[in-house]
Amino acid sequence: MGSIRRTLLAYLLVGLCGVVMLATWLTYRETQREVGDLFDLQLKQLAYSTRIDDLIRGRSPSLQPPGYRPQSEVAEIVTQIWDRDGVLVYWTRPGAELPVPAQEGYSNVLRDGREWRVYTHVQGAHVLQVAHALDERRAIATQTALRTLLPLVALIPILGVLIWHSVGLGLKPLNAMSRAVEKRRPDAMAPLVVANMPSELKPLGQSLNALLARLDEALAAQRRFTADAAHELRSPLAALKLQAEVAKRTPQGPERDEAFGALTAGIDRASHLVDQLLTMARLEPGAPARDAQPVDLAAIVRDAIVARAALAEDKGIDLGLARAAEVTLPADAASLATLVGNLLDNALRYTPAGGRVDVAVDRRAGEISLSIVDTGPGIPATERERVFERFYRVTDTTGLARATGDAKGSGLGLSIVRRIAEAHRATVELADGPDGRGLAVRVRFPL
């Protein structure tokens, strides 16, 4: 887009030229009417002030009004006198040959391509015609309009300079705001002072302040996330180093195989933590949103259960789908799969052998709900809000350390679940399981 000042100048000058042209046209029409009225009155006065008998006898040589100076031959007033037999007995312009008058008063006559304004007056046995060419009237109106237009046209460049200067003065506050934002450091998120801004700029200043507040919040979240991630990665990396040294010093045999197995398990935990961190980063506020598509929630739940069936069987846990209403909702399928997977992994991790994990998809009035109920140690009611914080872990009354939400205890699982739910305008609720045992997680999606 070009300069605002040039755009305003162009529009204002175009509008001004349009106003000037309209004013000129209106002046032309009004002048034409006034000139016509003036000449009509003049024709009538001449007709009534002329003595036909004296004019015929040659005592009055001309009907031109005192002080009248024709601009050309066509500007003169034409006079003709007819007798009662229709014989032309007097004329001031040979060849004009206006037609025989039909009635007394004003009339327009077309003769040889020219239009005349004629006033007819009856005096005794004669009829007097006084005529004036209409093209002269139009010429006078045009000249008057041009005399009005020319000063305005001459003033347009001066007005352009004034407009250019005035627009520059009007844009000074915007330029000052631009310079103030340009001089800021990348980490300067203090709001702009909008109290002294013009009323037209206040909405922009308030919008910029809201944007700065969101950026400050996002940067603070990123700083916290980076600090937390560095802290959480320090321990597994140190453990990996220790396990590698142990495996290096262990001689060949079962002990060495066990040491490498522990090293592999540590690598798996670290890899899982990195994956969870990347998932969390993608779900941070301000991250690009994915397009929502119609998703079959029951199908996603079935796939997640099938993928974990072998793990549940190894641990002796009864994992199954209790109810599955066939529903679709607008969502990101990958994000929903992550949500369901984290909840199932959490339930399988903390449900003891011989326990149960029941999954249900229900459709009620105005919502779709996903329920996962396990028979594990559960989460104390006083800790159920904090478990959604990143890297938070809780130890329940039974002494079992229950990480807040994923299979390898990174402390990110339930935080990821809540972020995905919020992105889909859903809510996550934690409650006691059946008979007060275990944990019941319910995710409610609005229809």
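Here the residue index of a chain counts from 1 through its sequence in written order. Since the coordinates come from a predicted model, pLDDT governs what is reported: local features require at least 70, and pairs of side-chain atoms require 80 or more to be given and counted, while whole-chain, interface and lining totals use all residues. Remark: hydrogens and water are excluded; side-chain values derive from all non-hydrogen atoms of the structure.

> When you look at the overall build of the protein in this model, what are you seeing that I'm missing?
Numbered from the N terminus, helices here are DSSP runs of H or I no shorter than four residues, and strands are runs of E no shorter than two. Broken down by element type, the protein carries ten helices and 14 strands. Note on classification: 1.4 Å probe, protein chains only; a residue is buried when its accessible area is under 20% of the maximum for its type, exposed when over 50%, partly exposed between these limits. Evaluated residue by residue, the protein yields a buried proportion of 38% over its 447 residues. By sequence separation, contacts in the protein at least 24 residues apart represent 62% of the contacts at least 6 residues apart. Element-wise, carbon and sulfur atoms account for 58% of the exposed surface of the protein, whose accessible area totals about 25,800 Å². Contacts are assigned to residue pairs with any non-hydrogen atoms lying within 4.5 Å of each other. Here the accessible surface of atoms and residues is derived via Shrake-Rupley with a 1.4 Å probe, and residues count as covered only by protein chains that are part of the display.

> I'm lost on the side chain of D374 in this one. Help?
Looking at where D374 falls in the secondary structure, it is placed in strand β10 (residues 367-374). Classification of D374 as buried rests on a relative accessible area of 2%. A 3.5 Å cut-off defines polar contacts: any pair of N or O atoms within that distance qualifies, except that in protein one atom must be a possible hydrogen donor and the other a possible acceptor, and neighbouring residues in sequence count only when both atoms are side-chain atoms. A polar side-chain atom of D374 sits 3.0 Å from the main-chain amide nitrogen of G376.

> Can you help me understand the side chain of D40 in this one?
Examined against the element boundaries, D40 turns out to sit in helix α1 (residues 4-49). Here D40 falls in the buried class, since its relative accessible area comes to 11%. In this structure the side chain of D40 is engaged in a polar contact, spanning 3.0 Å, whose partner is the side chain of R137.

> Whenever I open this one, the pairing of strand β1 (residues 78-83) confuses me. Can you help?
Side-chain positions along a regular strand alternate between the two faces of the sheet. In terms of burial, β1 is a largely internal element, six of the six residues being buried. Burial along β1 is two-sided: V78, Q80 and W82 and T79, I81 and D83, pointing in opposite directions, are all buried. Any two strands between which DSSP finds at least two bridges are classified as paired. Here six bridges tie β1 to strand β5 (residues 126-133), and the two strands are oriented antiparallel to one another. Bridged to V78 within β5 is A131. Connecting β1 to the next strand, strand β2 (residues 88-91), in antiparallel fashion are four residues, including G86 with a positive phi near 80°.

> Even after reading the chapter, I still don't get the packing of aromatic side chains, so can you show me in this structure?
Aromatic rings considered in pairs are described by the distance between their centres and by the relative angle of their planes. Aromatic rings from Phe, Tyr and Trp, taking only the six-membered ring of Trp, are treated as a pair when their centres fall within 6.5 Å; an angle between ring planes under 30 degrees marks them as stacked, one over 60 as edge-to-face, and anything in between as tilted. One pass over the full model with this rule turns up two aromatic pairs. With centroids separated by 6.2 Å and ring planes inclined at 45°, the aromatic side chains of Y48 and Y119 adopt a geometry described as tilted. Taken together, the residues span a long stretch of sequence, with Y48 in helix α1 and Y119 in strand β4 (residues 114-123) at a distance of 71 residues. Chaining the aromatic ring pairs together yields one cluster made of Y48, Y106 and Y119.

> What exactly am I supposed to notice about the sheet that holds strand β14 (residues 439-446) here?
Sheet architecture is open: five strands sit in the order β7-β9-β10-β14-β13, paired in mixed fashion. Of all strands in the sheet, those with a lone pairing partner are β7 (318-324) and β13 (427-432), marking the two edges. Adjacent strand axes in the sheet meet at a mean angle of 15° when their direction is disregarded. Here eight bridges tie strand β9 (residues 356-364) to β10, and the two strands are oriented antiparallel to one another. From the neighbouring strand, R363 faces β10, where its bridge partner is I368. Against the sheet, helix α7 (residues 297-307) contacts β7, β9, β10 and β14, and its axis sits at roughly 170° relative to β7. Whenever a helix is involved, its axis is fitted only over the stretch in contact; in every case the axis is a line through C-alpha atoms, and angles between N-to-C directions fall within 0 to 180 degrees.

> Just checking my understanding: could you explain the pairing of β2 for this structure?
In this structure, β1 lies alongside β2, joined through three bridges in antiparallel fashion. Looking at the pairing, Q80 lines up with W91 of β2.

> Honestly, the environment of R184 in this entry has me stumped. Any pointers?
Counting through the fold element by element, R184 comes out in the loop between α4 (172-182) and α5 (202-249). The residues contacting R184, other than those within four sequence positions of it, are M189, A190, P191, L192 and L212.

> Quick question: what am I supposed to make of a nonpolar patch on the surface here?
Excluding any residue in a salt bridge, patches collect residues exceeding 30% relative accessible area, merging like charges within 9 Å and nonpolar Val, Leu, Ile, Met, Phe, Trp and Tyr side chains within 5 Å. Here a salt bridge means any side-chain nitrogen of Lys or Arg lying within 4 Å of a carboxyl oxygen belonging to Asp or Glu. On the surface, L152, L155, I158, L159 and L162 cluster together to form a nonpolar patch covering roughly 410 Å² of accessible area. Structurally, L159 is set in helix α3 (residues 134-170).

> Even after reading the chapter, I still don't get the environment of E313, so can you show me in this structure?
Structurally, E313 can be placed in helix α8 (residues 309-315). For E313, a relative accessible area of 65% corresponds to the exposed category. Sequence spacing of E313 and G354 is 41 residues, and the spatial spacing of their C-alpha atoms is 9.9 Å.

> Explanation requested: helix α10 (residues 413-423) in the structure shown.
For an α-helix, 3.6 residues make a turn, and residues three or four places apart therefore share a direction. Of the residues making up α10, those classed as buried are G413, L414, S415, I416, V417, I420 and A421. Immediately downstream of α10, the backbone of R425 shows phi near 60°, a positive value.

> Before we go on, may I ask you to explain the nonpolar core in this structure?
Nonpolar side chains in soluble globular proteins tend to end up buried together. Membership of the largest hydrophobic core comes to 40 residues, with the highest contact counts inside it found for L297, L339, L344, L370 and V443. Broken down by element, this core gets its largest block of residues, seven residues, from helix α9 (residues 333-350). The contact partners of L339, leaving out residues within four places of it in the chain, are L370, V417, I420, A421 and V443. By convention a nonpolar core is built from buried Ala, Val, Leu, Ile, Met, Phe, Trp, Tyr and Cys residues, the set being connected through side-chain atoms within 4.5 Å. By size, the runner-up hydrophobic cluster in this structure holds eleven residues, among which are L46, A47, I52 and I77.

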